[in-house]
Number of protein chains: 2
Amino acid sequence: MPRPIQAVISTQAMAHNLAQVQERIRTLQSQIAASVASQEKTLSCLPSVKAFAVIKANAYGHGTLNALKGFAQADGLGMIDIADAVLCRDNGWTKPILLLEGFFHAEDIEVLQHYHITTAIHSRYQLELLQQAKSVGKPIDVMMKFNTGMNRLGFKSYQALDILTDLKHLQVQGIVGRIGCMSHFANADLDQDYVVQAAEDILGVKHLFTDGPLSICNSAASVRYPQLTLQHHENWVRPGICLYGSVPFDTTPIALTAEGNITATASVIDLPDVQFQPTMTLIADIIAVQDIKAGDSVGYGSTFTADKPMRVAVIACGYADGYPRSAPFGTPVTVDGVPAHVVGRVSMDMMNIDISHIPSAGIGSKVVLWGKGGPSIDEVADKAGRIGYEMMCNLARRVPLKVV
Amino acid sequence: MPRPIQAVISTQAMAHNLAQVQERIRTLQSQIAASVASQEKTLSCLPSVKAFAVIKANAYGHGTLNALKGFAQADGLGMIDIADAVLCRDNGWTKPILLLEGFFHAEDIEVLQHYHITTAIHSRYQLELLQQAKSVGKPIDVMMKFNTGMNRLGFKSYQALDILTDLKHLQVQGIVGRIGCMSHFANADLDQDYVVQAAEDILGVKHLFTDGPLSICNSAASVRYPQLTLQHHENWVRPGICLYGSVPFDTTPIALTAEGNITATASVIDLPDVQFQPTMTLIADIIAVQDIKAGDSVGYGSTFTADKPMRVAVIACGYADGYPRSAPFGTPVTVDGVPAHVVGRVSMDMMNIDISHIPSAGIGSKVVLWGKGGPSIDEVADKAGRIGYEMMCNLARRVPLKVV
């Protein structure tokens, strides 16, 4: 039998979180629309807003196929690895799939055609590979990716016409299908000035993309700047981390005045708290108990020394399972539902907690490291100087996933 | 095709590192023996010293089966997961296997018998499970584990006789085979006073284990306190991290006066530098290049702003691959053999480096994040506030391993 550690994955919580995001966007949009109408402006109708559920990195550690089940109601899926895209198609996913970084190799083009996978185009070399491709197979839908200050992937907006001309040429040849545009904000969670400028940048070129969608909002942007989800005739948001119950950003909507028809201000927006549920719960058993006396130390480097007699439990979880080694003294856990905390340094396969106040706890007791019934992953991440995303992704292969 | 990232695993480097450890221990032992002889004391003969190569946590991220090949010359293997032990047996490993944390469930006992796996016994509940076991199958070799100040797993030395009596009773019944003893130091790399005390503690009970081996030295202890490898009639060291080319501890041998015949002092010990080789090399391609101007920022949170025009490359590696998100500005990499460094925040699937000084670098250039031809994993870990062990173990499943 495996070591007594497991990550419980809740596809129901995934579905719930997706529904929360969709509902929140709809509510915000209605409020904006109402506000615009009250100002006697015409809003013909709300544009279609769809969501790519982002499932890159093995669905943030949750397992790609589990995510396929949890996000069955998403309008599309966004990911990085072409093999994951094929896996989703092979397991029955028929709705759109977007490769967020696009393809990397000439050999990938046939796969995109065969499996009907939409690709980001962020660099001229991808365009050149498409130009060398044969037109056999179905046309490939593409999203031209713009660099709006992240300076990671994408073209500058002044290159839009130039690249689009080439893409339209490929469209005529039957290599390329629909042509949309996308961007990724560097600071959607923090810096309003940045978002205004980045949004103006991409909204200034969106009119060129008459037949394809626009996609600019990640989790933070879709929740904080809902006005952006009203742009263009077809708008796709790309929620990621919040689908997994982690919300490390402020969820207060912000008024944004950018190029476009949006005139709503923050004052008109009123939302109930969003209730995201944890989708991953990391649980390990107590495998040993040590009764120590004042002056005894615990763990590598003897970083913790007891100042009184204590009962210390050893848990079958360490940094090689993905728990952060940097989690300091005091990082919260729960033991059979009772709060407790880490003592001593987290080692590779084990860690220690203080159970002096829980006499009923002993070998076999269940300890929740994060998730349902325990501390939130963001709380643990915060203590450890990390972020929830990173800890989910770093969950080790050796930790069995139990899907509920 | 997969994203352009891979971890190159060198089984030859693994074999080399194991040979280095074995050679180093032999050299130190000879020097100690010579010293003892020169002091006209009698040293009948050097005891047998064997090495359990530690391959827990998927062989520190290298792949269990790759480790099986790399450490073919080890005398035994040490690990945590019983499934890994079975995997090794199924793939032809016939020499000893030690489960360092022992077994966890009653169901495991049959597997230990069937596959001839040695188990640590660190808690009374394991003893009780053995007492309830049937005597069918071969006797199970055990190592009684002592807690010498780590306060993690193990019995206190005053419990030795008590537990040993129970184990010998099981031996008579044919449930238990050889009975050895082991311990794990909390501070082998740092604190000499601690090691003296811990060593005295376990050396004080070793005489009780007449038919089984003694195992107390991990990587750090076997290199720093070679005298300890001379104790008992059969001594097993348990090198771990240094087998993978990471040496985050001081390798200067230290004189240790503990109970026993060891009288050598540091002054007689003279060793050439140990040359460990990296066993894991993480390589990713440049997938985009951005020419940025003074005042432009890079990455999430805009944590880096250029003060002059720069050429910034995006690499297909992020924290979801196991590269530490905490790696700051200046963390070293090499690009086609030329040193360069990280700029901006490491994101989930990508990171940025400055290639202003490498005009030949472009899309497709190979970037070594750590390992052969690049910075050492310890150097990167140090910058990122982590340790090499952790980064190896956290290498993500999605990174293809290429074995050389």
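Calculation rules
Residues numbered from 1 in each chain as written. Chains lettered and ligands numbered in written order. Predicted model: local features only at pLDDT ≥ 70, side-chain atom pairs only at ≥ 80, totals over all residues. Heavy atoms only, no water. Helix = DSSP H or I, 4+ residues; strand = E, 2+ residues; numbered from the N terminus. Contact = heavy atoms within 4.5 Å. Areas by Shrake-Rupley, 256 points an atom, 1.4 Å probe, with all protein chains shown as cover. Lys, Arg positive; Asp, Glu negative; His and termini not counted. Charge placed at Lys NZ, Arg CZ, Asp CG, Glu CD. Pairing = 2+ DSSP bridges. Axes fitted to C-alpha atoms, helices over the stretch in contact; angles between N-to-C directions. Domains from an automatic or database assignment. Salt bridge = Lys/Arg side-chain N within 4 Å of Asp/Glu carboxyl O. Least-squares fit on C-alpha atoms with pLDDT ≥ 70 in both. Parallel < 35°, antiparallel > 145°, perpendicular 65-115°, else oblique. Left-handed = near helix turned anticlockwise from the far one by under 90°. Nonpolar A, V, L, I, M, F, W, Y, C, P; charged D, E, K, R; others polar. Buried area = accessible area lost by both parts, 1.4 Å probe. Polar contact = N/O pair within 3.5 Å; in protein donor to acceptor, adjacent residues only side chain to side chain. Phe/Tyr/Trp six-rings, centres within 6.5 Å; stacked < 30°, edge-to-face > 60°. Buried < 20%, exposed > 50% of the residue type's maximum accessible area, 1.4 Å probe, protein only. Disulfide = S-S within 2.5 Å. UniProt positions renumbered as here; feature names shortened; annotations may be inferred.

**So, the overall build of chain A**
Item 1. Each helix and strand counted, chain A has eleven helices and 18 strands in total.
Item 2. Along the first, second and third principal axes, the C-alpha atoms of chain A reach 75 × 55 × 35 Å.
Item 3. Of all intrachain contacts in chain A linking residues separated by at least 6 positions in sequence, the fraction that spans at least 24 positions is 67%.
Item 4. On chain A, roughly 14700 Å² of surface is accessible, and the fraction owed to carbon and sulfur atoms is 52%.
Item 5. Of note, chain A has its 32 positive side-chain charges centred 4 Å away from the centre of its 37 negative side-chain charges.

**Observations concerning the sheet that holds strand S3 (residues 76–79) of chain A**
All names here are of chain A.
Item 1. Strands sit in the order S2-S3-S4-S5-S6-S7-S8-S9 around a closed barrel of eight strands; the barrel is parallel. Averaged over all adjacent pairs, the angle separating strand axes in this sheet is 30 degrees, with direction ignored.
Item 2. By the bridge criterion, three bridges tie strand S2 (residues 48–54) to S3 in an arrangement that is parallel. Note that in S3 the partner of Ala53 across the bridge is Leu77.

**Concerning the sheet that holds strand S6 (residues 140–146) of chain B**
Residues and elements named next belong to chain B.
Item 1. The eight strands are arranged S2-S3-S4-S5-S6-S7-S8-S9 in a closed barrel whose pairing can be described as parallel. Direction aside, neighbouring strands of the sheet carry axes that sit 30 degrees apart on average.
Item 2. In this structure, strand S2 (residues 48–54) lies alongside strand S9 (residues 234–238), joined through four bridges in parallel fashion. Counterpart to Lys50 in the pairing with S9 is Trp236.

**So, the domain arrangement of chain A**
Residues and elements named next belong to chain A.
Item 1. Along its sequence, chain A is organised into domain 1 (47–244) and domain 2 (280–297 + 305–403).
Item 2. If you average the C-alpha positions of domain 1 and of domain 2, the two centres end up 39 Å apart.
Item 3. Taken together, the contacts link eight residues of domain 1 with seven residues of domain 2.
Item 4. Our enumeration of links across domain 1 and domain 2 arrives at zero salt bridges.

**Focus: the relation of the copies chain A and chain B**
Item 1. When chain A is brought onto chain B, the operation consists of a screw motion whose angular component is 180 degrees and whose axial shift is 0.0 Å, with 0.0 Å RMSD remaining. Such values leave the two copies arranged in the relation of a two-fold axis. Taking C-alpha positions as reference, the residue of chain A nearest the rotation axis is A:Asn394, located at 3.0 Å.

**Brief notes about the packing of helix H4 (residues 82–90) of chain B against helix H5 (residues 108–115) of chain B**
Residues and elements named next belong to chain B.
Item 1. Packing of H4 against H5 leaves a shortest axis separation of 11 Å and a crossing angle of 25 degrees. By the angle between their axes, H4 is roughly parallel relative to H5. For the pair H4 and H5, the sense of crossing is left-handed. Of the residues in H5, those touching H4 at Ile82, Val86, Arg89 and Asp90 are Asp108, Val111, Leu112 and Tyr115.
Item 2. A per-class count over the contact of H4 with H5 returns five nonpolar, no polar and three charged.

**Structural notes on the interface of chain A and chain B**
Item 1. If you look at the interface, chain A gives 61 residues, while chain B gives 61 residues.
Item 2. Across the interface of chain A and chain B, roughly 5600 Å² is buried in total on both sides, 52% from carbon and sulfur atoms.
Item 3. On the surface where chain A and chain B come into contact, there are four salt bridges.
Item 4. Across the pair A:Asp349 and B:Lys56 runs a salt bridge, and its minimum N-O distance is 2.7 Å.
Item 5. Run the count over chain A and chain B and you get 24 residue pairs in polar contact (both at pLDDT 80 or more).
Item 6. For the side of chain A that touches chain B, the elements supplying multiple residues, two or more each, are helix H2 (56–60), strand S10 (280–292), strand S11 (297–298) and helix H11 (388–393) of chain A.
Item 7. A per-class count over the side of chain A that touches chain B returns 28 nonpolar, 19 polar and 14 charged.

**Observations regarding the packing of aromatic side chains**
Item 1. Tallied over the entire structure, the rule returns 16 aromatic pairs over all chains.
Item 2. Pairing B:Phe146 with B:Phe209 gives two aromatic rings, centres 6.0 Å apart and planes at 85 degrees, and the pair type is edge-to-face. Remark: B:Phe209 occurs in the loop between helix H8 (192–203) and strand S8 (214–218) and B:Phe146 occurs in strand S6; sequence separation between them is 63 residues. With respect to class, B:Phe146 is no different from B:Phe209; both count as buried.
Item 3. Note on B:Phe185 and B:Tyr194: the rings are 6.3 Å apart at their centroids and 90 degrees apart in plane angle, and the pair reads as edge-to-face.
Item 4. The buried category is assigned to B:Phe185, whose relative accessible area is 1%.
Item 5. Following the ring pairs from residue to residue traces out a cluster consisting of A:Tyr60, A:Phe71, A:Tyr244 and A:Tyr389.

**Observations concerning the state of the cysteines**
Disulfide: a covalent bond formed between the sulfur atoms of two cysteine residues.
Residues and elements named next belong to chain A.
Item 1. Taken as a whole and assessed by the stated rule, the structure comprises zero disulfides over all chains.
Item 2. Cys88 takes part in no disulfide bond, and the closest cysteine sulfur, belonging to Cys393, lies 16 Å away.
Item 3. The structure places no disulfide on Cys242, whose sulfur is separated from the nearest cysteine sulfur, that of Cys217, by 12 Å.
Item 4. Of the residues examined, Cys242 reaches a relative accessible area of 1% and is grouped as buried.

**Thoughts on unusual backbone geometry**
All names here are of chain B.
Item 1. With phi around 55 degrees, Ala57 is a residue other than glycine that occupies positive phi space.
Item 2. Within the element layout of this structure, Ala57 appears in helix H2 (residues 56–60).
Item 3. Located in the positive-phi region is His232, a residue other than glycine, with phi close to 75 degrees.
Item 4. With respect to the helices and strands, the residue His232 is situated in the loop between helix H9 (219–224) and S9.
Item 5. Taking relative accessible area as the criterion, His232 reaches 13% and is therefore assigned buried.

**Comments concerning the packing of helix H6 (residues 124–131) of chain B against helix H7 (residues 160–172) of chain B**
Residues and elements named next belong to chain B.
Item 1. It is the contact of H6 with H7, at a shortest axis distance of 11 Å, that shows an interaxial angle of 20 degrees. With respect to H7, the element H6 is oriented roughly parallel. Here H6 runs over H7; the crossing is left-handed. Contact with H6, carried on its side by Arg124, Leu127, Leu130 and Gln131, involves Asp162, Ile163, Asp166, Leu167 and Leu170 of H7 and no other residues of that element.
Item 2. Of the residues contributing to the contact of H6 with H7, the split by class is five nonpolar, one polar and three charged.

**Here we look at the side chain of A:Ser215**
Item 1. Considering the arrangement of structural elements, one finds A:Ser215 in strand S8 (residues 214–218).
Item 2. Taking relative accessible area as the criterion, A:Ser215 reaches 0% and is therefore assigned buried.

**Considerations on the UniProt feature "binding site: substrate" (unreviewed entry) in chain A**
Item 1. Those places that UniProt annotates as "binding site: substrate" (unreviewed entry) correspond, in this numbering, to A:Arg152 and A:Met348. For the residues just named, distributed over 197 residues, the greatest C-alpha separation reaches 33.9 Å, placing them at more than one site.
Item 2. Excluding residues within four positions of it along the chain, A:Arg152 makes contact with A:Asn147, A:His184, B:Ala288, B:Gln290, B:Tyr300, B:Val314, B:Ser347, B:Met350 and B:Asn352.
Item 3. Topologically, A:Met348 is positioned in the loop between strand S15 (338–343) and strand S16 (351–354).
Item 4. When residues no more than four places from it in sequence are discounted, the contact partners of A:Met348 are A:Gly318, A:Tyr319, A:Ala320, A:Asp321, A:Arg398, B:Lys56, B:Ala57, B:Tyr60 and B:Cys393.

**So, H6(B)**
Item 1. Three or more residues of H6(B) are buried, namely B:Tyr125, B:Gln126, B:Leu127, B:Leu129 and B:Leu130.
Item 2. Contact partners of the buried residues in H6(B): S10 of chain A together with H5, strand S5 (118–121), S6, H7 and strand S7 (176–183) of chain B.

**Topic: helix H4 (residues 82–90) of chain A**
Residue and element names in this part refer to chain A.
Item 1. Listing the buried residues of H4 in full gives Ile82, Asp84, Ala85, Val86, Cys88 and Arg89.
Item 2. In this structure, the buried residues of H4 make contact with helix H3 (64–70), S3, strand S4 (97–99) and helix H5 (108–115).
Item 3. Where H4 terminates, the next one or two residues include Gly92, which has phi positive at roughly 95 degrees.

**Regarding the pairing of S10(A)**
Residue and element names in this part refer to chain A.
Item 1. Counting buried positions along S10 yields eleven of 13 residues, so the element is predominantly enclosed.
Item 2. Across five bridges, the pairing between strand S1 (residues 5–9) and S10 is antiparallel. Each bridged residue has a counterpart across the sheet, and for Gln6 the counterpart in S10 is Ile283.
Item 3. Relative to strand S17 (residues 366–370), S10 is paired through four bridges, and the arrangement is antiparallel. Its bridge partner being in S17, Ala284 is matched across the sheet by Val367.
Item 4. Note: S10 against strand S13 (residues 310–315), six bridges, orientation antiparallel. Paired with Val289 across the strands is Ala313, a residue of S13.

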